[in-house]
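Observations on chain architecture
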Amino acid sequence: MQAEIIAVGSELLTSQRLDTNSLYLTDQLNALGVEVVTKCVVGDDRDRLADSIRRAFRSAQIVIITGGLGPTEDDVTRDAVAQALSRKQRFHEEIAGQLEERFQKMGRKMAEVNKRQAFIIEGAEILPNDRGTAPGQWIDEAGASLLLLPGPPHEMKAMFTLQCLPRLESRVPKLAIRTLVMRVAGMPESDLDQLIAPVYKKYENPVTTILAAAGDIQVHLRARCGTEAEALALLAEVAAPIGQLLGDRIYSRNGEPMEAVVGELLRQHRAPVSVAESCTGGLLAERLTSVPGSSDYFEAGFVTYTRRLKAELLGVTTNPLVSKETAEAMAVGARQRTGSTYALSTTGVAGPGQGGETAPVGTVYVAIADESGSRVSHRQFLGDRDRIRQFTTQMALDMLRRRILGL
Ligand code: ATP
């Protein structure tokens, strides 16, 4: 069974508001075994919305609309649905009474305009809204179901889980959708795709998606089967050869981020870490400490930008500041001062200006120090400041992961 989600609201077409309702609904529908095949955002325009609804009915058996059920002129969902399905709307006295009661309880007189929310599309079932004013509606039409839900996320979630899910569960044929996420570090997206495409292209199910961020590629495999066991077996079948091809470049096989994976290794090895950062300005410490329980293994972070404080706090006397020697001296200095098992350091030019250094923008040195000494890696990254800094932290964490695992 397939679904389409339509998020209504002109504010969702600006950069000020994000459509998060569809993400929640997608998760819920997937868990039921329903695939979301299309989702879209439509502004507060009745004709456009009516067009979208007609189109959605052609491709999906479940159409969910969120938003635009309120009382104001720009709340056009009811009118658009009535137009798309050529159905009339009926004023529902009981709902109008309930709305008035709700306002009375709040000690307010209800504005006349609120009565618009008491219009129900012919043949629709009412979905009461115990968290807000606008009721939802459920309409069955030509073998498909259309759900009208309110826009505010807390109202929409309550209405969906309490009233819609049980009905959907009884109608949707049992299908298990399961996802396996592998995460890979230190590999360009195109190289990864070239390597694993011969495997995943053999399968239409599971569907493979590759998502790339700075220094971090996610390979998502999504299987749709009759049972959970079949879906998991299929995922294992496809993940095995991909796993062999990518080897130890895979740092996570359950979607966990690098900082969580490294954190767990540090905990298991009872090996605390400290960091000394220049170009990443605390981002590395932030990633490590964003993991709950990181106080078990994170000892300290030094953010030293100036030459003077690199010398005073870390004992660094090397030149230039962006160099292999400085990175190593920072890591060794941090380790000596904290007594941590491991210390990581970063120095580089994140740009966009040269920052007084002669190295080109994107030049980065990352060092790791432990009881056996120190080692340093040099990279030349492309991208803006954020991306270079993100790449650098990923590289540092991956160096630590490899060091702990002896790779
Ligand atoms: P109301 O009675 O509050 O007017 P409504 O059903 O008409 O309810 P909207 O007016 O469309 O809903 O949206 C109300 C608020 O809910 C929006 O300002 C926005 O903050 C939030 N909202 C609406 N749609 C979404 C969405 N798809 N994702 C996240 N938030 C949303």
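Residues numbered from 1 in each chain as written. Predicted model: local features only at pLDDT ≥ 70, side-chain atom pairs only at ≥ 80, totals over all residues. Heavy atoms only, no water.

Observations regarding the side chain of Thr-392
As a reminder, the rule being used: A run of DSSP states H or I qualifies as a helix once it reaches four residues; a run of E qualifies as a strand once it reaches two. Both are numbered from the N-terminal end. Accessibility here uses a 1.4 Å probe with only protein chains present; expressed as a share of the type maximum, an area under 20% marks a residue as buried, one over 50% as exposed, and anything in between as partly exposed. Within 3.5 Å is the distance limit for a polar contact, defined as a pair of N or O atoms, with the added protein rule that one can donate a hydrogen and the other accept it, and that residues adjacent in sequence qualify only through two side-chain atoms. Whether two residues touch is decided by their heavy atoms; if any such pair falls within 4.5 Å, the residues are in contact.
Locating Thr-392 in the fold gives a position in helix α12 (residues 385-405). We classify Thr-392 as buried; its relative accessible area is 0%. Here Ile-388 takes part through its backbone oxygen, which lies 2.6 Å from a polar atom of the side chain of Thr-392. Excluding its chain neighbours within four sequence positions, the residues that come into contact with Thr-392 are Cys-279, Thr-280, Thr-346, Val-364, Val-366 and Phe-381.

Things to note about the pattern of salt bridges
Note that side chains of opposite charge can pair when their charged atoms are close. Keep this limit in mind: Counted as salt bridges are all cases of a side-chain nitrogen of Lys or Arg within 4 Å of a carboxyl oxygen of Asp or Glu.
Evaluation of the coordinates by the stated rule reveals 23 salt bridges. Arg-116 is the salt-bridge partner of Glu-73, the closest N and O atoms lying 3.9 Å from each other. Taken together, the residues span a long stretch of sequence, with Glu-73 in the loop between β3 (62-66) and α3 (77-85) and Arg-116 in the loop between α4 (93-105) and β5 (119-121) at a distance of 43 residues. When the shortest N-O distance is used, the salt bridge between Arg-402 and Asp-248 registers 3.1 Å.

Concerning unusual backbone geometry
Residue Asn-319 is joined to Pro-320 through a cis peptide bond whose omega torsion reads -15°. Relative to the helices and strands, Pro-320 is located in the loop between α10 (307-314) and α11 (324-338). For the bond from Gly-351 to Pro-352, the omega torsion is 5°, close enough to zero to count as cis. Relative to the elements of secondary structure, Pro-352 occurs in the loop between β15 (342-348) and β16 (363-370). At Ser-86, a residue that is not glycine, the phi angle is positive and equals roughly 50°. Looking at where Ser-86 falls in the secondary structure, it is placed in the loop between α3 and β4 (89-91). Its identity is not glycine, yet Ala-142 carries a phi of approximately 45°, on the positive side. For Ala-142, the position within the fold is in the loop between β7 (136-141) and β8 (144-149).

Re the site of the ligand
This is how the line gets drawn: Nearness is judged by heavy atoms alone; a residue qualifies as near a molecule or strand once a single heavy atom is within 4 Å of it. Only the protein chains shown count as cover for residues, and the accessible areas themselves come from Shrake-Rupley with a 1.4 Å probe. Under the convention adopted here, Pro, Cys and the residues Ala, Val, Leu, Ile, Met, Phe, Trp and Tyr are nonpolar, Asp, Glu, Lys and Arg are charged, and Gly plus all remaining residues are polar.
Taken together, 19 residues are adjacent to the ligand, and Arg-17, Asp-19, Gly-68, Gly-70 and Gly-151 come closest. In the environment of the ligand, a nitrogen atom lies 3.0 Å from a nitrogen or oxygen atom belonging to the backbone of Thr-20. Leu-69 places a main-chain nitrogen or oxygen 3.0 Å from an oxygen atom of the ligand. The fraction of the free accessible surface of the ligand (610 Å²) that becomes covered by protein chains is 79%. Of the residues contributing to the shell around the ligand, the split by class is eight nonpolar, seven polar and four charged.

Focus: the sheet that holds β8
As a reminder, the rule being used: At least two bridges found by DSSP between two strands is the condition for calling them paired. Structural elements are reduced to axes, namely lines fitted to C-alpha atoms, with helices fitted over the stretch in contact, and the angle between N-to-C directions of any two is expressed from 0 to 180 degrees.
Taken in spatial order, the six strands make up an open sheet running β2-β1-β3-β8-β7-β6, and their pairing is mixed. The sheet terminates laterally at β2 (35-42) and β6 (125-127), the two strands that pair on one side only. Direction aside, the axes of adjacent strands within the sheet are offset by 20° on average. In this sheet, β3 lies alongside strand β1 (residues 2-8) in parallel orientation, the contact comprising five bridges. What sits directly across from Ile-6, in β3, is Ile-65. Where helix α2 (residues 46-59) meets the sheet, it contacts β1, β2, β3, β7 and β8, and its direction lies at approximately 170° from that of β1.

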